[in-house]
Amino acid sequence: MSGATVQSATPAQPKSPLRTAAPQSGFAPWKDPSKAPIVRFENVVKRFGDFVAVKDCTLDIYEREFFALLGPSGCGKTTLLRMLAGFEKPTSGRILVAGQDITELAPYERPVNMMFQSYALFPHMTVEQNIGFGLRQDGMPKDQIATRVDEVMALLELGRFGKRKPHQLSGGQQQRVALARAIAKKPRIVLLDEPLGALDKRLRQTAQFELMGIQERTGTTFIIVTHDQEEAMTVSSRIAVMDHGEFVQIATPGDIYEAPNSRYVANFIGDVNLFEGKVVSISGGFAEIDWGPGLARFKSVAPEGCTGDQQVWLALRPEKIHIDLDKPTDTSNTIPGKVVDVGYLGSISHYHVELANGQRVKALRTNSSRTVDRPISWEDKVWLQWPAETGIVLTR
Amino acid sequence: MRRFSWFNATSIALGFAFLYIPILLLVIYSFNDSKLVTVWGGWSTRWYGELLQNEGILNAAWVTLRVAIVSSTLATILGTMAAIVLVRMGRFPGRTLFSGLIFAPLVMPEVITGLSMLLLFVAMNLDRGFWTVVIAHATFSMCFAAVVVQARLYDFDKSVEEAAMDLGATPLDTFRQVTLPIIAPSVISAWLLSFTLSLDDLVIASFATGPGATTLPMKIYSQVRLGVTPEINAVSTIMIGLVTIGVLVASYSTKRASERQEREMKAVDAGAK
């Protein structure tokens, strides 16, 4: 761990972006003001009777992005996607694709193709006919259709199944046919509605990497709807976390994980420990947090616009907490506790530690050596410690 | 397997006997050589031959067949349309009323349906004949067709139609290339059901008909009032044959379609595992 040494001598600038350990690629069109978005939702609202499915959503998605709409069921992510496909009409607001207003266009007039959660393959057509369906609607000559269908089938390794009907295929094969059909027309944008939801876990992980490969090779913009946070983290360039019809945070997977903007996002993505407290003082970009009478105060990087006497939550990822039997020499953010539960998973171990005030904290340790003199076990008195930079202070 | 029990065997035998002995008797007596319906005079196909000479019955049979074909086609088209509106259009004002109105004729006494038809035709000053019978039959068998097609549409994944539109098919193309081929088995069974309903209807046809458009059931009924002749037995046997074939084909095609659908569902489920 490179960030283990605390550099309290050079306080972090409140304005500077947090350095994160997440991999960063050079691809970031959303930071480039000269780039025009390929999809733009402008103050889009969707009501079904009294129920507001989507509340005033504004969002830009850029060419070649793999964009994920992530949230629990009923958060409005599928409605947003269906509005882009044209199956639902926004109650108000506009949707633009490549600068053109498509709000009023019918589904069959839009330059987007969708892969459905149920795959929605045509049961009476062969795989070839399914994939060529969209091309036939455009009146493409027969020989060209055949060429393009072969091309797409080769891309998705469906070559042997061309003459089969959907019910003669396995779930994984059906999923590939559905994707092949969605990309056959070379649409500018491919929409994926929970595309891997019907696959088992192992197949899903393979399929995620396949999806990324296809997206890269075709150079198409993909927009995926999913409730699976791991899936969103794996495949996407950016994630929009949604709740109750609103965007809570739109950021790269790394930022969503390392710099969540709210308790909702921190909780939704990965495991997190939350300490409720009050900011008592801010100095040099660090906030001191009082989280209970008689408890040592926490020190953490203060978020922008944080004022004294404000209610905050300190979010700590379990893998960022050091757990040790001996009291560490570095005394900042050090708290004692008692181990109440141990989960040994081979590569890592989970520890549930009870603090003096009864709160339970999850900590994680990598089992890097095969033999340990004295492994941490139930009822052990342990010390938890973390550097001031690793905790995230949340104000909502 | 359940164990054989004399009680079950007897009740099944009695039930079938109750239902089919009269029909069996009718079929057997249609091959009776004797002129008298109730006296057995040996096997013969004589009355089938005589039937071919009977202009009145042949005419009535021809009218019945034409009415059945035209009215069942009409009923299937209208019934399919009604089913699509009910299943696909979602909630619209008056939907409950609309579905009630479509399915009311299922439970309406035939006499009332027939009488109301007659009143309508009189009020419209329509000449009663072939076409009024067609309209009347199409009206009452339409609801049966709607029920059959509706059942299929309810099991049908709506996103398949959305996928077609998403890939560039207009609503009409979607119906032609996707919806219709998928619901085709149920449309065929709807047609066959309407066909058999029209074929053996007596009550509604009697109200709606006029001169020159006597259907076979009407002809048989009027002849029976003068005394049953062996010819009637023969023509009835033919009708029983036709209706049986129609019902068998309809139920077979529905069964096969639902089996195929089950297989497709299983394939999807297997993929989901």
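Residues numbered from 1 in each chain as written. Chains lettered and ligands numbered in written order. Predicted model: local features only at pLDDT ≥ 70, side-chain atom pairs only at ≥ 80, totals over all residues.

Draft legend 1. Looking closely at the overall build of chain A. Looking only at helices and strands, chain A features eight helices and 20 strands. Expressed as a percentage of the 396 residues in chain A, the buried residues total 40%. Taking contacts inside chain A between residues at least 6 apart in sequence as the whole, the part at least 24 apart equals 66%. (Helix = DSSP H or I, 4+ residues; strand = E, 2+ residues; numbered from the N terminus. Buried ≥ 20, exposed ≤ 12 C-beta atoms within 10 Å, placed from the backbone. Contact = placed C-beta atoms within 7 Å.)

Draft legend 2. Focus on the overall build of chain B. Helices and strands together make up the secondary structure of chain B, namely 11 helices and zero strands. Written out in order from the N terminus, the α and β elements of chain B read α-α-α-α-α-α-α-α-α-α-α. Burial statistics for chain B: of 273 residues in total, 35% are counted as buried.

Draft legend 3. Focus on the interface of chain B and chain A. Listed per partner, the contact involves 23 residues of chain B and 24 residues of chain A. Going through the elements one at a time, α7 (158-166), α8 (171-199) and α11 (230-272) of chain B are the ones with two or more residues in the side of chain B that touches chain A. Ranked by residues supplied to the side of chain B that touches chain A, first place goes to α11 of chain B with seven residues. A class-by-class count of the residues in the side of chain B that touches chain A yields 12 nonpolar, four polar and seven charged. (Nonpolar A, V, L, I, M, F, W, Y, C, P; charged D, E, K, R; others polar.)

Draft legend 4. Local environment of unusual backbone geometry. Residue and element names in this part refer to chain A. Phi angles above zero are rare outside glycine, and alanine 120 is one such case at about 50°. Looking at the element boundaries, alanine 120 is found in the loop between β6 (112-115) and α2 (127-137). The exposure class of alanine 120 is buried, given the 24 C-beta atoms found within 10 Å. In the Ramachandran plot, glutamate 194 falls in the positive-phi region, its phi being about 40° despite a non-glycine side chain. Residue position: glutamate 194 is located in the loop between β7 (189-193) and α5 (201-218). The class for glutamate 194 is buried, based on 20 C-beta atoms found within 10 Å.

Draft legend 5. How the structure looks around the confidence of the model for chain B. Residues and elements named next belong to chain B. Counting all residues, the mean pLDDT for chain B is 84, and 95% of those residues have values of 70 or more. Within chain B, α11 has the poorest average pLDDT of any element, 74, and α7 the best, 91. Here the prediction assigns the complex a pTM of 0.77, and the interface score ipTM is 0.77. (pLDDT = per-residue confidence, 0-100.)

Draft legend 6. Summary view of helix α6 (residues 130-154) of chain B. Residue and element names in this part refer to chain B. Here α6 spans 35 Å end to end across 25 residues, near enough to the 36 Å set by a 1.5 Å rise per residue. Of all the bends in α6, the largest measures some 35° and sits at serine 141. The buried count for α6 comes to 18 of 25 residues, which makes it a mostly enclosed element. (Expected span 1.5 Å × (residues − 1). Bend = angle between axes of the 7 residues up to and from the residue.)

Draft legend 7. Representation of the sheet that holds β7 of chain A. Residue and element names in this part refer to chain A. If you walk across this open sheet you meet the six strands as β6-β7-β8-β3-β9-β10, and the pairing is mixed. Only two strands of the sheet have a single partner each, and these edge strands are β6 and β10 (246-251). Sheet twist, expressed as the average angle between the axes of neighbouring strands with direction ignored, equals 20°. Packed onto the sheet, helix α1 (residues 77-85) meets β3 (66-70), β6, β7, β8 (221-226) and β9 (238-243) and runs at close to 145° relative to β7. (Pairing = 2+ DSSP bridges. Axes fitted to C-alpha atoms, helices over the stretch in contact; angles between N-to-C directions.)

Draft legend 8. Representation of the nonpolar core within the structure. Residues Ala180, Leu191 and Ile223 of chain A are the most contacted members of the largest nonpolar core, which totals 153 residues. Not counting residues up to four positions away in its chain, the partners in contact with isoleucine 223 of chain A are Ile61, Phe67, Leu69, Leu81, Ile189, Leu191 and Leu192 of chain A. (Core = buried A, V, L, I, M, F, W, Y, C linked by C-beta atoms within 7 Å.)

Draft legend 9. Examining the pairing of β8 of chain A more closely. Residues and elements named next belong to chain A. Extensive coverage of β8 is indicated by the burial of six of its six residues. Judged by which residues are buried, β8 turns out to be covered on both faces: Thr221, Ile223 and Val225 on one side and Phe222, Ile224 and Thr226 on the other are all buried. Bridge count for β3 against β8 is five bridges, and the pairing is parallel. By the bridge assignment, leucine 70 is partnered in β8 with threonine 226. Taken together, the five bridges between β7 and β8 define a ladder with parallel strand orientation.

Draft legend 10. Broad picture of the packing of α2 of chain A against helix α4 (residues 171-183) of chain A. Residues and elements named next belong to chain A. The interhelical angle for the contact between α2 and α4, taken along N-to-C directions, is 30°, at an axis separation of 7 Å. Here α2 lies roughly parallel to α4, going by the angle between them. Both α2 and α4 take part in a crossing whose hand is right-handed. Taking contact as the criterion, the partners of Val127, Asn130, Ile131, Phe133 and Gly134 in α2 are, on α4, Val177, Ala180 and Arg181. For the contact of α2 with α4, the class distribution of residues is five nonpolar, two polar and one charged. (Parallel < 35°, antiparallel > 145°, perpendicular 65-115°, else oblique. Left-handed = near helix turned anticlockwise from the far one by under 90°.)

Draft legend 11. How the structure looks around the pairing of β3 of chain A. Residue and element names in this part refer to chain A. Of all five residues in β3, five are buried, a share of seventy percent or more. Side chains Phe66, Ala68 and Leu70 project from β3 onto one buried face, and the interleaved Phe67 and Leu69 project onto a second face that is buried too. In this sheet, β9 lies alongside β3 in parallel orientation, the contact comprising four bridges. Within the sheet, the bridge partner assigned to leucine 70 lies in β9 and is valine 241.

Draft legend 12. Main features of the domain arrangement of chain A. All names here are of chain A. What the domain assignment reports for chain A is domain 1 (29-263) and domain 2 (271-394). Summarising the inter-unit geometry, the C-alpha centres of domain 1 and domain 2 are found 40 Å apart. For the side of domain 1 that touches domain 2, a count of residues per class yields two nonpolar, one polar and one charged. (Domains from an automatic or database assignment.)

Draft legend 13. Highlighting the domain arrangement of chain B. Residues and elements named next belong to chain B. Taken domain by domain, chain B consists of domain 1 (7-44) and domain 2 (56-272). Centre-to-centre separation of domain 1 and domain 2, based on C-alpha positions: 31 Å. Across the contact, eight residues belong to domain 1 and eight residues belong to domain 2. In the side of domain 1 that touches domain 2, the residues fall into five nonpolar, two polar and one charged.

Draft legend 14. Quick peek at the sheet that holds strand β14 (residues 311-316) of chain A. Residue and element names in this part refer to chain A. One open sheet holds the five strands; their spatial order is β13-β12-β11-β14-β20, and the pairing between them is antiparallel. Every other strand in the sheet has two partners, leaving β13 (298-301) and β20 (392-394) as the edge strands with one partner each. Strand-to-strand twist of the sheet, defined as the mean angle between neighbouring strand axes without regard to direction, takes the value 45°. Relative to β20, β14 runs antiparallel, the two sharing three bridges. Looking at the pairing, leucine 314 lines up with valine 393 of β20.

Draft legend 15. Representation of the confidence of the model for chain A within the structure. Confidence in the prediction of chain A, expressed as mean pLDDT, is 84, and 92% of residues score 70 or more. In the predicted structure, residues 1-19 of chain A sits below a pLDDT of 50 and forms 20 contacts with residues beyond four places in sequence or in another chain.

Draft legend 16. Molecular detail of helix α4 (residues 95-107) of chain B. Between the first and last C-alpha of α4 of chain B there are 19 Å, a value that for 13 residues agrees with the 18 Å anticipated at 1.5 Å per step. The largest bend along α4 of chain B measures about 30° and falls at leucine 101 of chain B, with the proline proline 105 of chain B one to four residues further on.

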